[in-house]
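Results of the structural survey
Spelled out, the chains give:
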Amino acid sequence: AEGQRGHKIDGNVTEDSRTLANSINNSTPRMLEEKEQIMKKTQRALLVMTLLLFSLQAATVLQLCEYFPFLKSSPNAVVTLGVASLVALFGLSFYMFHRMGHHLSILGAFFTVVLWSATIDSFLAAALVGWTHLGKFYYDHGEEYFKTSWGFAALLWDGTFHYALQFYIAYSVYTQGKPHAMASLLWAGSIINSMPVLLIGAATGSYSETIKPATALNAPYVLVPIMIAKLVLTDERHEASQTNKKEEEATSLPIGFGSLFWINFHVIAITLHIWRAIVVLECNAPAAQQWRQDVEILSSDDGGSISFGFLRIQLLQYLFYYVPFHAYCLWNVTPDRTMSLMATFMAGGYLQGQSTFLVGAAFDWVGFGPLVPIVQSNMFWVLNVGLLILPSIFAVWCWRSVGSYHK
């Protein structure tokens, strides 16, 4: 009997041991997976903190210029400091993120560095209206043409909207190996819209006689956004080709209220851009003169701001750059994936263009203090706020429409 009991006990122990072993074997992969998830979250949190701290080095550089005046003593000194800072920060970002275990990425390094430059622009915008003294020297030996209400808006836009997009794109490059498509298209559209207005407006505006070498620091923003847009559109082309058949079938759907609304929007946008270009080119027709005096007061001769050089180029850019897009949308009527991608790209351009246009036209810069309001008509606000908001809503509508075709 005792032998039987011992045998039974031994059997129970063996069975318990097997149960325990199976439990350990089953929990080990789960524990490893949980540990891996914790490590990923920690690494991503560290990445976010590193990007933030990297961008805040802008304050360090500007403070160094206060301690060592020779760094800001002349236009050549300023542009040399700018180039040296960009090169050094580009190399530093490579080293830092490689040591953190991220793969080497030129795109990641680029978007890390432009986070720093966007923070610089935030300080420059603050200095322009008297909120800080850091960076004020830049208006003497750097880009003096920013001393306008449009310049304040452009700098602030870069330090906020562009900063947020660049942060997200850099994060996606380091964590996913490629830039986020929609954020990249918004960013590229915004930057590409701003560069011709900035450079041509500076060359033809109130400060055209004071162009300095620091203007060349904008060179990366002329080419890189085009490359980013091409990269994203190329990546999306394969997916678009897979959905072409469904989209072709969707074109047979009846045109609804949404389509009719956007058809009218595109027609009005085309008409408005053509008319405003005629007006800003100093047409002497009575209707054009009345528009300049009663609807949109832009030129300083009519009581507008010294930002007129930039505002004029923006309106001309709408004619040559945006009218073809609206015509394309009218031709297609029903949205497809290609139209959705283009609408996202153009929404970024409209957001930048209209934000800076509104501030540039509705305020004037008269010194390193608060901007001075300029009285504009109710029609001015209706037209320009509409152009600020509606293109982004159109992009969302396009994506929702394309998604509904695939259900």
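What counts and what doesn't
- Each chain has its residues counted from 1, following the order in which its sequence is written.
- The predicted nature of this model means local features are confined to residues of pLDDT at least 70 and side-chain atom pairs, given and counted, to a pLDDT of 80 or more, with totals for whole chains, interfaces and linings taken over all residues.
- Just so you know, side-chain values use all the structure's heavy atoms and leave hydrogens and water out.
- Pairing of aromatic side chains requires ring centres within 6.5 Å, counting the rings of Phe and Tyr and the six-membered ring of Trp. Pairs whose planes differ by under 30 degrees are stacked, by over 60 edge-to-face, and all others tilted.
- Numbering of helices and strands runs from the N terminus, with a helix taken as a DSSP run of H or I at least four residues long and a strand as a DSSP run of E at least two residues long.
- The buried label goes to any residue with under 20% of its type's maximum accessible area, the exposed label to any with over 50%, and the partly exposed label to all in between, with areas taken from a 1.4 Å probe on protein chains only.
- All axes are obtained by fitting lines to C-alpha atoms, using only the stretch in contact for helices, and the reported angles, taken between N-to-C directions, cover 0 to 180 degrees.
- Should the near helix be turned anticlockwise from the far one by less than a right angle, the crossing is termed left-handed; should it be turned clockwise, right-handed.
- By the convention used here, residues are in contact when the closest approach between their heavy atoms is within 4.5 Å.
- Amino acids are sorted into nonpolar (Ala, Val, Leu, Ile, Met, Phe, Trp, Tyr, Cys and Pro), charged (Asp, Glu, Lys and Arg) and polar (every other residue, Gly among them).
- Counted as salt bridges are all cases of a side-chain nitrogen of Lys or Arg within 4 Å of a carboxyl oxygen of Asp or Glu.

Looking now at the packing of aromatic side chains. Given two aromatic rings, their pairing is described by the distance between the two centres and the angle made by the two planes. Within this structure, the stated rule accounts for 24 aromatic pairs. Measuring from centroid to centroid gives 4.4 Å for Trp 157 and Phe 161, while their planes differ by 25°, and the two rings are stacked. Note that Trp 157 and Phe 161 are positioned in helix 6 (residues 149-176) at a spacing of four residues, about one turn of the helix. When its relative accessible area of 14% is taken as the criterion, Trp 157 is described as buried. Centroid distance Trp 262 to Phe 265: 5.4 Å. Interplanar angle 85°. Geometry classified as edge-to-face. Taken together, the positions of Trp 262 and Phe 265, both in helix 9 (residues 257-280) and three residues apart, correspond to about one turn of that helix. Judged by relative accessible area, Phe 265 falls into the buried class, the value being 9%.

Moving on: unusual backbone geometry. Backbone geometry at Glu 282 places phi at a positive 65°, although glycine is not the residue there. Examined against the element boundaries, Glu 282 turns out to sit in the loop between helix 9 and helix 10 (286-295). On the accessibility criterion, Glu 282 (44% relative accessible area) is partly exposed.

Packing of helix 9 against helix 11 (residues 308-332) brings their axes to within 8 Å, and their N-to-C directions diverge by 150°. Note that helix 9 runs across helix 11; the crossing there is left-handed. Mapping the contact onto sequence places Ile 263, Phe 265, His 266, Val 267, Ala 269, Ile 270, His 273, Ile 274, Arg 276, Ala 277 and Val 280 in helix 9 and Phe 308, Arg 312, Leu 315, Leu 316, Tyr 318, Leu 319, Tyr 322, Val 323, His 326, Ala 327, Cys 329 and Leu 330 in helix 11. Of the residues assigned to the contact of helix 9 with helix 11, the class counts are 18 nonpolar, three polar and two charged.

Moving on, we come to the pattern of salt bridges. Within this structure, the stated rule accounts for four salt bridges. A salt bridge links Lys 72 to Glu 66, with the shortest nitrogen-to-oxygen separation between them at 3.4 Å. Lys 72 gets classed as buried once you look at its relative accessible area, which sits at 19%. Linking Glu 144 and Lys 147 is a salt bridge whose minimum nitrogen-to-oxygen distance equals 3.4 Å. Comparing Glu 144 with Lys 147, the two get one shared label, buried. Counted as one network, the salt bridges with shared partners bring together Glu 144, Lys 147 and Lys 212.

Attention now moves to the environment of Gly 101. Positionally, Gly 101 belongs in the loop between helix 3 (75-99) and helix 4 (106-128). Note: C-alpha distance between Gly 101 and Gln 43 (58 residues apart in sequence) is 9.0 Å.

Note that Phe 97 resides in helix 3. It is 8.7 Å that separates the C-alpha atoms of Phe 97 and Ala 109, two residues lying twelve residues apart in sequence. Ignoring sequence-local partners within four residues, the contact set of Phe 97 consists of Leu 47, Thr 50, Leu 51, His 102, Thr 112 and Tyr 174.

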